[in-house]
Amino acid sequence: MSLFKARQLDAVWTVEPWVSRLEMEAGGKVLVEQKEAVATVLVAWMDLSAHSTQ
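Parameters at a glance
Residues numbered from 1 in each chain as written. Predicted model: local features only at pLDDT ≥ 70, side-chain atom pairs only at ≥ 80, totals over all residues. Heavy atoms only, no water. Helix = DSSP H or I, 4+ residues; strand = E, 2+ residues; numbered from the N terminus. Contact = heavy atoms within 4.5 Å. Areas by Shrake-Rupley, 256 points an atom, 1.4 Å probe, with all protein chains shown as cover. Buried < 20%, exposed > 50% of the residue type's maximum accessible area, 1.4 Å probe, protein only. Pairing = 2+ DSSP bridges. Axes fitted to C-alpha atoms, helices over the stretch in contact; angles between N-to-C directions.

## Side note on the overall build of the protein
Then comes step 1: Across its full length, the protein carries two helices and three strands.
Then comes step 2: In the protein, the share of contacts with a sequence separation of at least 24, taken over all contacts with a separation of at least 6, comes to 42%.
Then comes step 3: Accessible surface, the protein: about 4,300 Å² in total, of which carbon and sulfur atoms supply 55%.

In structure tokens:
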């Protein structure tokens, strides 16, 4: 949790209850969620400017 909050860890592939905790306590955002899978990928931050279509 502390590495995620400090942005020393960019993303995690994890399960509940960590998905909810990282969203609520560390401002994480779900990047990939597969309903049939057990794990979810969350990111601390993402720079989408490199992927801009403009």
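Don't stop here, the text continues.
## Concerning the side chain of Thr14
Then comes step 1: Along the chain, Thr14 turns up in strand S1 (residues 11-14).
Then comes step 2: When its relative accessible area of 14% is taken as the criterion, Thr14 is described as buried.
Then comes step 3: Those residues in contact with Thr14 that sit more than four places away from it in its chain are Val19, Leu22, Val38, Ala39, Thr40 and Leu42.

## Here's the deal with the sheet that holds strand S3 (residues 40-43)
Then comes step 1: Within the open sheet, the three strands sit side by side as S1-S3-S2. Their pairing is antiparallel. A single partner strand is all that each edge strand has here, and the edge strands are S1 and strand S2 (29-33). Neighbour-to-neighbour, the strand axes of the sheet open up by a mean angle of 25°, direction not taken into account.
Then comes step 2: Here S1 runs beside S3; their pairing, made up of four bridges, is antiparallel. In the strand pairing of S3, Trp13 is matched with Val41.

## Quick look at unusual backbone geometry
Then comes step 1: For the bond from Glu16 to Pro17, the omega torsion is 10°, close enough to zero to count as cis.
Then comes step 2: As for its placement among the helices and strands, Pro17 is situated in the loop between S1 and helix H2 (18-26).
Then comes step 3: Of note in the backbone geometry, Arg7 takes a positive phi value of approximately 60° without being a glycine.
Then comes step 4: As for its placement among the helices and strands, Arg7 is situated in the loop between helix H1 (2-5) and S1.
Then comes step 5: A relative accessible area of 52% places Arg7 in the exposed class.

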